[in-house]
Amino acid sequence: MVTSNNQIQEEEQKRSEIYTYEAPWQIYAMNWSFRKDHKYRLAITSLIEQFPNRVEIVQLDESNGEILSNPNLSFEHPYPPTKTSFIPDKECQKPDLLATSSDFLRLWRISDDSSRVELKSCLNSDKNSEFSGPITSFDWNEAEPRRIGTSSIDTTCTIWDIEREVVDTQLIAHDKEVYDIAWGGVGVFASVSADGSVRVFDLRDKEHSTIIYESSEPSTPLVRLSWNKQDPRYMATVIMGSSKIVVLDIRFPALPVVELQRHQASVNAIAWAPHSSSHICTAGDDSQALIWDISSVGQHVEGGLDPILAYTAGAEIEQLQWSSSQPDWVAIAFSNKLQILRV
């Protein structure tokens, strides 16, 4: 069958650049699936001010351009999850797992036929208590998926071996609450805290950490951290209530290599491109999602760096994730809406 250029263009136009899903509640945490056999699949979680909250797994139906929720994969969750993430398993070699963090780190198993979700494990690092300090965030180690690192308001970071369901390492990481954690390789992770510092840890030497940045205003919390997977020299962090993103080069501690300053309100989320070492996406309370190219860092740019792409959402953007298995797509969450955008 011969198709004309016009037909191809029409097909391309039919395939939208933006798809929207409306949840029955405000969305807080959200993330993409890694698996090749579940394209355009995401998990979203509710932000409801009561004990029972919800998790939904949704997927774009490419035939009609709708994002649909699978009712079999919607389940109740204690407290609003602070983060959610699927197992980093592109090749589909491992069980189909989803992790969530709130009072504990929980692992959920999705059945092979996607007919149900079951709680696989509920991990509590404090064996002396049935309660634990709320978990603020976690990061799944892509190089070694049996490891998940969690950060907590009790000043600790905990590294879990999820296959054995045991604590591998727990360290007092900061002087105050730890707000985010990110892996930079198999045994190296970093964390940010209410004490205003970014610290890097190497599991081969658990007694020491390296402070690679401290916020200029004393004790101004750092709330988000993202490590560049394509070029682990770089990481980015966000200061609480600030509209700027601080990009760090771990070879030159203390001074940012660049500060990205085009947001008009607090930044809430950052994500490095999964396929390019020089691109980063940021989003915040100004309803903007911005993509930046930092390949010119080190050169003086008059007036500072401008984003190369900007998208305005319908409300403050709480959450942003860049798909590692489909790097042309980012997802944002604002109010009760999930949007996936082709970039």
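The rules behind the values
Residues numbered from 1 in each chain as written. Predicted model: local features only at pLDDT ≥ 70, side-chain atom pairs only at ≥ 80, totals over all residues. Heavy atoms only, no water. Pairing = 2+ DSSP bridges. Helix = DSSP H or I, 4+ residues; strand = E, 2+ residues; numbered from the N terminus. Axes fitted to C-alpha atoms, helices over the stretch in contact; angles between N-to-C directions. UniProt positions renumbered as here; feature names shortened; annotations may be inferred. Buried < 20%, exposed > 50% of the residue type's maximum accessible area, 1.4 Å probe, protein only. Polar contact = N/O pair within 3.5 Å; in protein donor to acceptor, adjacent residues only side chain to side chain. Contact = heavy atoms within 4.5 Å.

- The protein chain is annotated in an unreviewed UniProt entry as Wd repeat-containing protein lwd2 from Arabis alpina.

### A word on the sheet that holds strand S10 (residues 117–123)
Right, so step 1: Here we have 4 strands laid out as an open sheet, ordered S7-S8-S9-S10, and antiparallel in their pairing. Since the sheet does not close on itself, it has two edges, and those belong to strand S7 (83–86) and S10, each with one partner. In this sheet, adjacent strand axes meet at a mean angle of 20° when their direction is disregarded.
Right, so step 2: As paired strands, strand S9 (residues 105–110) and S10 are joined by 6 bridges and run antiparallel to one another. Bridge pairing links Arg109 to Glu118 in S10.

### Examining the UniProt feature "repeat: WD" (unreviewed entry) in the protein chain
Right, so step 1: If you check UniProt for "repeat: WD" (unreviewed entry), the listed places come out as residues 260–296 in our numbering.
Right, so step 2: Helix makes up 0% of residues 260–296 and strand 51%, whereas the separation of the span's terminal C-alpha atoms amounts to 12 Å.

### Observations concerning the side chain of Ser33
Right, so step 1: Note on placement: Ser33 falls in the loop between strand S2 (27–32) and strand S3 (41–46).
Right, so step 2: For Ser33, a relative accessible area of 2% translates into the label buried.
Right, so step 3: Separated by 3.3 Å, the side chain of Ser33 and the backbone nitrogen of Arg35 make a polar contact.
Right, so step 4: In this structure, Ser33 is in contact with His38, Arg41, Phe86 and Ser325, ignoring residues within four places of it in sequence.

### Focus on the pairing of strand S23 (residues 267–272)
Two faces, one strand: in a regular strand the side chains alternate between the faces of the sheet.
Right, so step 1: Counted residue by residue, S23 has 6 buried out of 6 residues, so it is predominantly covered.
Right, so step 2: Relative to strand S24 (residues 279–284), S23 runs antiparallel, the two sharing 5 bridges. Bridging from a neighbouring strand, Ile270 pairs with Thr282 of S24.

### Topic: the pairing of strand S21 (residues 245–249)
Right, so step 1: With 5 of its 5 residues buried, S21 lies for the most part within the structure.
Right, so step 2: Where burial is concerned, the two faces of S21 agree: the one with Ile245, Val247 and Asp249 and the one with Val246 and Leu248 are both buried.
Right, so step 3: Pairing of strand S20 (residues 234–239) with S21, which is carried by 5 bridges, proceeds in the antiparallel orientation. The residue of S21 that forms the bridge with Val238 is Ile245.
Right, so step 4: Count of turn residues in the S20/S21 antiparallel hairpin: 5 residues, of which Gly241 carries a positive phi of about 75°.
Right, so step 5: Across 3 bridges, the pairing between S21 and strand S22 (residues 258–260) is antiparallel. Bridge pairing links Ile245 to Leu260 in S22.

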